[in-house]
Amino acid sequence: MDLDSILEDEKLLPKNLFILPLAMKPLFPGLFTPLMITDQEDIAIIEKAQSHGNLFGALMQKASANGKQRSELTNEERFYTMGTLCRILKTLKMPDGGLNVFVATQERFVVEQFYGSHNFVTAQVSYIKDKKESNEKLTPWMNSLKEEMKLITGRNPLFTDDNRLNMVNIESPGRFADYMASILDIEPENLQKILETVDIKKRIEEVLFYYAKERKIAEIQTGIQNAVNKRLEKSQRDYFLREELKNIQRQLGMDGKEDFREKLRKQIEQLNLEGEALETVENEYARFVSLDQNSPEYAISLGYLQTVVALPWKKEGYKNIDLAKARKILEADHYGMKDVKDRILEFLAVRKQKQDTKGAIICLVGPPGVGKTSVGMSIARALGKKYYRFSVGGLKDEAEIKGHRRTYIGALPGKLIQGLKIVKTKSPVFLIDEIDKMGESFQGDPAAALLEALDPEQNSTFRDRYLDLPFDLSQILFIVTANTLDTIPAPLLDRMEVIELSGYTSHEKLNIGKKYLVPKSIEKNGLKKSDVKYSSKALVKIAEEYCREAGVRNFEKALDKINRKLVLKLYTDEELTRPVNVSDELIASFLGRPPFPSGEFIKADKIGTSIGLAWTQMGGATLFIEAEDFPGNGELKVTGQLGDVMKESVSIAWTYLQREAERRGIDRSWFKSHSVHLHIPEGAVPKDGPSAGITLTCALYSLITKQIIKEHLAMTGELTLTGKVMPIGGLKEKILAAKRDGIDTILYPKNNQRDLDKLSDEVKEGVTFYPVDDMQQVLSYAFPNDKTVRMSEEEYEAKLDKEAKEEKEKKDEKDQELTDLIKSMREKL
């Protein structure tokens, strides 16, 4: 039985159908088409249909049903009510588990009632046949549709020759409209609307509308493509014309870059160069104009001339300095630092008095985070000068300072000349960071290269290797920063004026936090002042228990961390009221347990322990020393990654105590019958320097005499073999470190009294200071209840004389016994 006979006999069509859901587009009647099915539930529907006459209904799902579970919607909510009857002609199982079904679409139907749900949906349907109308009335509409099809088939690759062939062979107007609709690429809802249009004329009219729309789109696309092609053709034409023009100009002796070269020439003339500079630049310009643009030398020569004209060659006159404004800027930018600010203002006052335009070299040295770089920026603001900063930390190539020779590919001038190109002035402020961290390699020594640049007597004729011309750097104010002076070469350090920046006290950190860090962190994290409130107690807790350092860099990081977490909490906790008070509980919640809990300080409360004070590049630090003895042969073992100088201090302390033991009645045999292990904790941290000499001596003395050192006592000082206490450096940083660790008594060298007098009362508050110049004074302060009695000088000398006399008498007695023995043996012989 053929398809036409099935369609004519309505009795053969089933009233109930299994429903296959369609998601992409509806099927139109009168087509032979494949369906690719991958959903296992849909495959089950096909298998059910095969067992019930190979017939099923294809219904389009509504857009609102896509993406939802089938159980979430009723069938009326899920499906449109008009679909297409399909007959299964052939099925083919695919390797991926899918099913390829070839079907013949037969007739429209309308759902009267749905049965079943979820996986197997069936429906009672009634079929809708196209009304038979006169072909004469519909032929003009069909012809119009065919014309539209012909107009767009050449422009749209989706319409193939097979489409055109099928279109010609369809005679039924309804089937023709359905076929034309099936190959349209439009929204599924619009295709469903065409499927539901029963009137053939209206259906053709609807399809014709969409084909006309497709034709308009194709015409616009063609116009765009033509415009693009035309533009490409014009670009190619312009390229060939330019090449021809160059050829003509070359033959006439003309150059297309004449305007550019003339402009460069005028710029050189405006520099008003003299002497060697004028001669060199004019020769280079003459060479440049003779070069071909395609020559490799052309770009090198052009780059050199552009560098020359970009530099500030004109000498600048004196610019008045407003000292009141300078003071105001320094006070606004930094809290405290009275000595530093006074020293900077003194420097500016001298320049104002002399109306001096000559540069200078200032070295700001101090621990990290104390504001060295920001002080340099403030000096530039106070002077009203342009500012250029670069770091030389880790720099190992002197060419970074003095430039590369132009013979090298990619050669560049040095950092100093590059900076002058940027600031466009001859008297800027140059900040050179981390000058203490320069290296040295086979590429040269950058520190040596800086000697000429930073020497006021030489830098007026500084010669960069790339520029190869004398250039005046004498008007530049150089500000260099360092954490320590120890690694700066002496000749370079000799050219600098050193200003030391010390660590901050707790009071200073509190005010810096209030005035600068808290507002900055609040703004940085998008908060407002009304969102969070920091009390003085909270800031002190953060600074002392979480950020125990010389500077405030970690203090700022801790505030940032609190504010970041607070932003998240404000979004996630709707019950949180503003402003949020930063309490101890909130700090612990956001920052965790404090690494330096309040009240937990380092203590020398056991025999063989003492506390020293050290200075490091990170600021001051306390140094805990411990010693243990055990039966042995007098060996002294030292651990804790001590440097050579500190090991020498241990040897000096050991020797001094052996000598001192005699004067205090300690049996010297103890040193031969015991071995000692001296250790300084934090073994992974290198330690060096002589200032722990008296501390090491006290730890060993405590071990030998079995006494505990005075509570809350720390000390610093270098020890000599004769027991003298020598001066040390970094006293302020050491005092601040002692206060952070709960120390209330400090022994310091008497020769450092001048340094102590310079310190503010705030630094010295809460600490008792004892100046010492001899180890005996140190021991009397450190061991107030010492049971050993030290002999006076006369008593000690008398004891030595007595021991020497007794030793001599014993020796004489042995010699006499030996003489008598020899005499007796001779007599017997």
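Residues numbered from 1 in each chain as written. Predicted model: local features only at pLDDT ≥ 70, side-chain atom pairs only at ≥ 80, totals over all residues. Heavy atoms only, no water.

### Some points on a nonpolar patch on the surface
Line of reasoning, step 1. Taken together, the side chains of L818, L821, I822 and M825 make up a nonpolar region of the molecular surface, amounting to roughly 380 Å² of accessible area.
Line of reasoning, step 2. Relative to the helices and strands, L821 is located in helix α30 (residues 793-828). (Patch = residues over 30% accessible without salt bridge, like charges linked within 9 Å, V, L, I, M, F, W, Y side chains within 5 Å. Areas by Shrake-Rupley, 256 points an atom, 1.4 Å probe, with all protein chains shown as cover. Salt bridge = Lys/Arg side-chain N within 4 Å of Asp/Glu carboxyl O. Helix = DSSP H or I, 4+ residues; strand = E, 2+ residues; numbered from the N terminus.)

### Observations regarding the sheet that holds strand β7 (residues 360-365)
Line of reasoning, step 1. Read from one edge to the other, the open sheet built from five strands follows the order β8-β9-β12-β7-β13, with strand pairing classed as parallel. Here the strands that pair on one side only, and so sit at the sheet edges, are β8 (387-391) and β13 (497-500). With strand direction ignored, the average angle separating the axes of adjacent strands in the sheet is 20°.
Line of reasoning, step 2. Sheet analysis places β8 next to strand β9 (residues 429-433), joined by five bridges and oriented parallel. The residue of β9 that forms the bridge with Y387 is V429.
Line of reasoning, step 3. Running at roughly 150° to β13, helix α13 (residues 338-354) makes contact with β7, β12 (477-482) and β13 of the sheet.
Line of reasoning, step 4. Together, β7, β8, β9 and β12 form the strand contacts of helix α14 (residues 372-383), whose direction differs from that of β12 by roughly 165°. (Pairing = 2+ DSSP bridges. Axes fitted to C-alpha atoms, helices over the stretch in contact; angles between N-to-C directions. Contact = heavy atoms within 4.5 Å.)

### Considering the environment of P413
Line of reasoning, step 1. Its location among the elements puts P413 in the loop between α15 (399-402) and α16 (415-423).
Line of reasoning, step 2. Its relative accessible area of 6% is what places P413 among the buried residues.
Line of reasoning, step 3. Put simply, P413 and I602 are 189 residues apart on the chain and 53 Å apart in space, counted from C-alpha to C-alpha.
Line of reasoning, step 4. Once residues within four sequence positions are removed from consideration, P413 is found in contact with T307, G403, Q418, D464 and Y466. (Buried < 20%, exposed > 50% of the residue type's maximum accessible area, 1.4 Å probe, protein only.)

### Describing unusual backbone geometry
Line of reasoning, step 1. Going from R578 to P579, the amide bond is cis rather than trans, its omega being 0°.
Line of reasoning, step 2. With respect to the helices, strands and loops of the structure, P579 is situated in the loop between α21 (553-572) and β15 (580-581).
Line of reasoning, step 3. Although it is not a glycine, K424 adopts a positive phi angle of roughly 60°.
Line of reasoning, step 4. Note on placement: K424 falls in the loop between α16 and β9.
Line of reasoning, step 5. Classification of K424 as partly exposed rests on a relative accessible area of 48%.
Line of reasoning, step 6. Within the chain, H712 stands out as a residue other than glycine whose phi angle is a positive 55°.
Line of reasoning, step 7. For H712, the location among the structural elements is in the loop between α25 (693-705) and β20 (713-715).
Line of reasoning, step 8. Relative accessible area serves as the criterion here: at 30%, H712 is assigned to the partly exposed category.

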